[in-house]
Structure formats: structure tokens, C-alpha cells
Amino acid sequence: MIADLTLAIVHHILVFGLAVMMATELARLKPGLAGPEVARLARLDAGYGGTAGLIVVIGVLRVIYGVKGYAYYVGNPWFWAKMGAFGLIGLLSIPPTIAFLRWRKAQATEPGFAPPDSEIARIRRFLVYQMALLILVVALAATMARLG
Ligand code: HEM
């Protein structure tokens, strides 16, 4: 019971952290982005990736050590829908990460480099889709916990 409660608390904190990081990334990814802001964005993105990784670890521990038991989830289509939507968020996070790393590299080799506004707009779209999917993941989480 204590393990289940602890894992649930950590899971929620990480999920809220992920949402905050996603929103901050979107707020910072504005036309005119340049200079040290690019490196800050890349660091935030690394934190976002690390938090997502921890969510997977804690999520798997909840499946194994949660009070409902492993069998409740493996046969639960809502759980798999949630995993699918979460996986999609992971895929959608790849292009922004690649862009941030590329921009940092360009800054190191071309002094004064700033990402073009058109590319910033394109990368913003990936973040907006991720945020929409995060809402879906939360809805699927509540469903999987109740309809098994
Ligand atoms: C960003 C991704 C995720 C979000 C937003 C999220 C959100 C949530 C929320 C809000 C709950 C509470 C549901 C409720 O009690 O009403 C929950 C429960 C849970 N989540 Fe996640 N989760 C995420 C990722 C994962 C992953 C990757 C796994 C497993 C590998 C996982 C496994 C679980 C489990 C086992 C529960 C307990 C459900 C129950 O009480 O039966 N979650 N999640």
C-alpha cells in the first residue's frame, strides 16, 4: 500500500513537471529566438526528456507493484491506448530535440546564427500536438484506472 501511494505521488509530480516543461518550452520557442536562449531551450528539452524517461520507469513500477496488480493493466485496452498516445508524444518530441541540437551546433560554428522564424513556427507545431496528446493521456489514465 505504501509503495503504491509513494509511486502514485511521484508519478503525479513528474506528470505535472512534464506539463510545465512542455508549456515553458512552447513559451520560449518564439520568433526572434537567438543567443543564449537557444542553449537554455536545449537544456530545458534535455530535462523534458529525462522527466519523460522517469515517468516510464515509475509507470512500469506502478504496473508491477501497484495494488491492482500487473494483470489488471496488461488486459486493459485503455492502458494500451494510454501507452500508444504517450509513445506518440515521444515520437513528436524527436524533431524539436533534433532542431535544438542543430541550432546549438550552428551557433558554435556560425557566430550570430539565429534559427529562422519559419523553422521556429514549424517546431512549435510539434509542441502544440504534444500538449494536445498530453490532455488525451490524462483522460485515458483516468479511464484505465476505472474501466478495466
Ligand atoms: C505523460 C505520460 C503520463 C501521464 C500524463 C499519466 C497520467 C496519469 C494519471 C493522471 C494517473 C491517475 C489516474 C487516476 O487515478 O484517475 C495515472 C495513473 C497511472 N499511470 Fe500514468 N501517466 C503517464 C504515463 C504512464 C506510463 C508511461 C505508465 C506505465 C508504463 C503509467 C502507468 C500508470 C499506472 C499503472 C497508473 C495507476 C492507475 C490505477 O490507479 O489503476 N503512466 N497516470
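Just above sits the structure.
The following paragraphs examine the structure supplied in this document. (Residues numbered from 1 in each chain as written. Predicted model: local features only at pLDDT ≥ 70, side-chain atom pairs only at ≥ 80, totals over all residues. Heavy atoms only, no water.)

## Quick look at the site of the ligand
Worth spelling out the cut-off: Any residue with a non-hydrogen atom lying within 4 Å of a molecule or strand is treated as near it. N or O atoms closer than or at 3.5 Å make up a polar contact, with two conditions inside protein: a donor-capable atom paired with an acceptor-capable one, and, for residues adjacent in sequence, both atoms drawn from side chains. For each structure, a 1 Å grid was placed over the protein atoms alone; sets of points admitting a 1.4 Å probe that cannot get out are labelled cavities, open sets with protein on both sides within 12 Å along at least five of seven lines are labelled pockets, and lining residues have an atom within 4 Å of a point. Those molecules having more than half of their atoms within 2 Å of a cavity or pocket grid point set are described as sitting in that cavity or pocket. Put simply, DSSP H or I for four residues or longer makes a helix, DSSP E for two residues or longer makes a strand, and each gets a number counted from the N terminus.
Near the ligand you find 22 residues, and of these His11, Lys68, Tyr73, Lys82 and Arg146 are the closest. Between an oxygen atom of the ligand and a side-chain N or O atom of arginine 146, the distance comes to 2.7 Å. The pocket occupied by the ligand, as judged from atoms lying within 2 Å of grid points, is the largest pocket. Of all the elements in the fold, those that place two or more residues in the shell around the ligand are helix H1 (2–28), helix H2 (36–65), helix H4 (77–92) and helix H6 (117–146).

## Focus on the coordination of the iron atom of the ligand
Let me state the cut-off plainly: The donor set covers N, O and S atoms within 2.8 Å of the metal, switching to 3.2 Å for Na, K and Ca, and it leaves out water, so a site may look short of donors. Site shape is set this way: if four donors have all angles between 85 and 135 degrees, tetrahedral; if opposite donors are over 155 degrees apart and all others between 65 and 115, square planar for four donors and octahedral for six; otherwise irregular. The buried label goes to any residue with under 20% of its type's maximum accessible area, the exposed label to any with over 50%, and the partly exposed label to all in between, with areas taken from a 1.4 Å probe on protein chains only.
The protein atoms donating to the iron atom of the ligand are His11 (NE2) and Lys82 (NZ), with metal-donor distances spanning 1.8 to 2.1 Å. For the iron atom of the ligand, the six donor atoms in the first shell make angles of 87 to 177° at the metal, a pattern classed as octahedral. One end of the pair, histidine 11, is in helix H1; the other, lysine 82, is in helix H4, with 71 residues separating them in the sequence. Relative accessible area serves as the criterion here: at 11%, lysine 82 is assigned to the buried category.

## Some points on the environment of lysine 30
Formally: Any two residues whose heavy atoms approach within 4.5 Å are treated as being in contact.
Mapped onto the secondary structure, lysine 30 falls in the loop between H1 and H2. Once the C-alpha coordinates of lysine 30 and arginine 124 are considered, the two residues, 94 residues apart in sequence, prove to be 8.2 Å apart. Residues contacting lysine 30, with those up to four places away along its chain left out, are Ile120 and Arg124.

## Considering a nonpolar patch on the surface
Basically, it comes down to this: Note on patches: the residues involved have over 30% relative accessible area and no salt bridge, like charges join within 9 Å, and the nonpolar side chains Val, Leu, Ile, Met, Phe, Trp and Tyr join within 5 Å. Note on areas: these come from Shrake-Rupley sampling with a 1.4 Å probe, and a residue is covered only by the protein chains present in the view. Salt bridge criterion: a side-chain nitrogen from Lys or Arg within 4 Å of a carboxyl oxygen from Asp or Glu.
On the surface, a cluster of nonpolar side chains totalling about 770 Å² of accessible area is made up of Val56, Val60, Ile64, Tyr65, Tyr70, Val74, Trp80 and Met83. If you list the elements that add at least two residues to the nonpolar patch, you get H2, helix H3 (70–74) and H4. Here the nonpolar patch takes four residues from H2, the largest share from any one element. Relative to the helices and strands, valine 74 resides in helix H3.

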